[in-house]
Amino acid sequence: EPEVTQTPSHQVTQMGQEVILRCVPISNHLYFYWYRQILGQKVEFLVSFYNNEISEKSEIFDDQFSVERPDGSNFTLKIRSTKLEDSAMYFCASSELAPSSYNEQFFGPGTRLTVL
Amino acid sequence: KNQVEQSPQSLIILEGKNCTLQCNYTVSPFSNLRWYKQDTGRGPVSLTIMTFSENTKSNGRYTATLDADTKQSSLHITASQLSDSASYICVVSADDSNYQLIWGAGTKLIIKP
């Protein structure tokens, strides 16, 4: 069964460094998403991406963040100048169809980012 | 303000028992309600998606109900198994241009042998 994959599973970085989190969405999906979940807290929406551009972003997704689909398979989240509060689990998701009543998003296993 | 509240925050039951998790929401306009299962350290996995016209939906031992009038939903788990130990998250989609997902905090369910 097709699934969303994410690498690395765990990333440790020093405060102020840049990190790139990678995702391979399900191959026939056209809509891509990043979410984060700080330990013990709710899942939070970061950004959605379609047709090589951001379609929606939350207040969290400021200039520190960027997304890119560098080739036909990867979808990346770049975090510049990481802060301690960026430590969280980052989930990538993809969906075949546009956001709608029955659009199902499929989530990857997540990348745990630890900023020291 | 669009919100999703879940109860209880955590629940411990014995293997084989049934349980019911609750979700109340104040999301308008309402599009659909989803229940996700999230194992520790893993991504959420969809269990059910219901629109306002659906009162109940089953997925194996999981049965979700929706009362769009009272803005309440429940997830009933029958004959619990150890593998049911996880967080169960209620997510409501707003019927806006982006079908924004509003996430609950989840109920952490522990099944004991």
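What counts and what doesn't
- Note on numbering: residues in each chain are counted from 1, in written sequence order.
- Here the convention is simple: chains get letters from A, ligands get numbers from 1, in the order in which they are written.
- Owing to the predicted nature of the model, reporting of local features is limited to residues with pLDDT of at least 70; listing and counting of side-chain atom pairs is limited to 80 or more, with chain, interface and lining totals taken over all residues.
- Side-chain measures here rest on the full set of heavy atoms in the structure, leaving out hydrogens and waters.
- Any two strands with at least two DSSP-identified bridges between them are counted as paired.
- To qualify as a helix, a DSSP run of H or I must reach at least 4 residues; to qualify as a strand, a run of E must reach at least 2; elements of each kind are numbered from the N terminus.
- To obtain an axis, a line is fitted to C-alpha atoms, over the contacting stretch when the element is a helix, and the angle between two such axes runs from 0 to 180 degrees between their N-to-C directions.
- By definition in these notes, contact holds between two residues if any of their heavy atoms fall within 4.5 Å.
- We define buried area as the total accessible area lost by two parts upon association, computed with a 1.4 Å probe and summed across both.
- Salt bridges are counted wherever a side-chain nitrogen of Lys or Arg sits within 4 Å of a carboxyl oxygen of Asp or Glu.
- Pairs of N or O atoms within 3.5 Å make up the polar contacts considered here, provided that, within protein, one atom can donate a hydrogen while the other can accept it, and that residues adjacent in sequence are counted only when both atoms are side-chain atoms.
- For this analysis, a ring pair means two rings from Phe, Tyr or Trp (six-membered ring only for Trp) whose centres lie within 6.5 Å, classed as stacked if their planes differ by under 30 degrees, edge-to-face if by over 60, and tilted for the remaining angles.
- Residue exposure (1.4 Å probe, protein chains only): buried if accessible area is under 20% of the type maximum, exposed if over 50%, otherwise partly exposed.
- Counting as a charge over the ring demands two things of the Lys NZ or Arg CZ atom: a distance within 6 Å of the ring centre and an angle within 35 degrees of the ring normal.
- Grid points spaced at 1 Å and placed over the protein atoms alone form the basis of the search, with a cavity being a set where a 1.4 Å probe fits but cannot get out and a pocket an open set showing protein on both sides within 12 Å along at least five of seven lines. Lining residues have an atom within 4 Å of a point.
- Grid points are joined across faces, edges and corners, and a volume is the space filled by probe spheres set on the points.
- Classes in brief: Ala, Val, Leu, Ile, Met, Phe, Trp, Tyr, Cys and Pro nonpolar; Asp, Glu, Lys and Arg charged; the others, Gly included, polar.
- Only a pair of cysteine sulfur atoms within 2.5 Å counts as a disulfide in this structure description.

With respect to the sheet that holds strand β6 (residues 56–59) of chain B
All names here are of chain B.
Then step 1. As summarised here, the arrangement of the 5 strands in space is β1-β3-β8-β7-β6, forming an open sheet in which the pairing is antiparallel. The outermost strands of the open sheet, each flanked by one partner alone, are β1 (3–7) and β6. Adjacent strand axes in the sheet meet at a mean angle of 15 degrees when their direction is disregarded.
Then step 2. Bridging between β1 and strand β3 (residues 19–26) involves 5 bridges; their strand directions are antiparallel. Opposite V4, over in β3, you have Y25 as the bridge partner.

Topic: the interface of chain B and chain A
Then step 1. Opposite the 23 residues of chain B that make contact, chain A presents 18 residues.
Then step 2. In total, about 1,700 Å² of surface goes out of reach between chain B and chain A, with carbon and sulfur atoms giving 54% of it.
Then step 3. Joining chain B to chain A, the criterion identifies 0 salt bridges.
Then step 4. Across the contact surface, chain B and chain A share 2 residue pairs in polar contact (both at pLDDT 80 or more).
Then step 5. Taken together, the elements giving at least two residues each to the side of chain B that touches chain A come down to β4 (30–38), β5 (45–51) and β10 (101–103) of chain B.
Then step 6. Ranked by residue count, the leading element in the side of chain B that touches chain A is β4(B), at 5 residues.

A closer look at the packing of aromatic side chains
Then step 1. Here the structure, examined in full by the defined rule, presents 14 aromatic pairs over all chains.
Then step 2. Aromatic pair Y31(A) and Y50(A): ring centres 4.2 Å apart, planes at 5 degrees, arrangement stacked. One end of the pair, Y31(A), is in strand β4 (residues 31–37); the other, Y50(A), is in strand β5 (residues 43–50), with 19 residues separating them in the sequence.
Then step 3. Classification of Y31(A) as buried rests on a relative accessible area of 14%.
Then step 4. Its relative accessible area of 34% is what places Y50(A) among the partly exposed residues.
Then step 5. An aromatic cluster is built from Y33(A), Y35(A), F45(A), F107(A), Y36(B) and W103(B), whose rings are joined through pairwise contacts.
Then step 6. The lysine or arginine in question, R61(B), covers the ring of Y62(B), its NZ or CZ lying 5.8 Å from the ring centre.

Here's the deal with the layout of surface pockets
Using a probe with the size of a water molecule, rolled over the atoms, empty space left in the structure can be pinpointed.
Then step 1. Looking at the largest pocket, its volume works out to about 530 Å³.
Then step 2. Within the residue set of the lining of the largest pocket, elements represented by two or more residues are β9 (88–95) of chain A together with β1, β9 (86–94) and β11 (107–112) of chain B.
Then step 3. Among the elements that take part in the lining of the largest pocket, β1(B) stands out by supplying 3 residues, more than any other.
Then step 4. Each residue belonging to the lining of the largest pocket can be placed in one class, and the counts come to 7 nonpolar, 11 polar and 6 charged.

Quick word on the side chain of T76(A)
Then step 1. Structurally, T76(A) is set in strand β8 (residues 75–79).
Then step 2. Residues contacting T76(A), with those up to four places away along its chain left out, are I20(A), L21(A), R22(A), W34(A), S66(A), V67(A), E68(A) and P70(A).

Examining the environment of W35(B)
Then step 1. Tracing the backbone through its elements, the reader meets W35(B) in strand β4.
Then step 2. When the C-alpha positions of W35(B) and S87(B) are compared, they lie 10 Å apart, and in sequence the two are 52 residues distant.

Points about the pattern of salt bridges
All names here are of chain B.
Then step 1. This model, assessed by the stated rule, comprises 3 salt bridges over all chains.
Then step 2. A salt bridge links D84 to R61; the shortest N-O distance between them is 2.8 Å. One end of the pair, D84, is in the loop between β8 (72–77) and β9; the other, R61, is in the loop between β6 and β7 (62–67), with 23 residues separating them in the sequence.

A closer look at the state of the cysteines
Then step 1. By the definition in use, this model includes 2 disulfides over all chains.
Then step 2. Between the sulfur atoms of C23(A) and its disulfide partner C92(A) the distance amounts to 2.0 Å. Since a negative S-S torsion denotes a left-handed disulfide, the C23(A)-C92(A) link at about -60 degrees is left-handed. With C23(A) in strand β3 (residues 19–24) and C92(A) in strand β9, this residue pair connects regions lying 69 residues apart in the sequence.
Then step 3. Exposure remark for C23(A): the relative accessible area of 0% places this residue in the buried category.
Then step 4. Since its relative accessible area comes to 0%, C92(A) is described here as buried.
Then step 5. There is a disulfide in this structure between C23(B) and C90(B), and the S-S distance comes to 2.0 Å. Between C23(B) and C90(B) the sulfur-sulfur dihedral comes to about -65 degrees; the bridge is accordingly left-handed. Taken as a pair, C23(B) in strand β3 and C90(B) in strand β9 lie far apart in primary sequence, 67 residues in all. A single burial state applies to C23(B) and to C90(B), both of which are buried.
Then step 6. C19(B) takes part in no disulfide bond, and the closest cysteine sulfur, belonging to C90(B), lies 15 Å away.
Then step 7. Here C19(B) falls in the buried class, since its relative accessible area comes to 6%.

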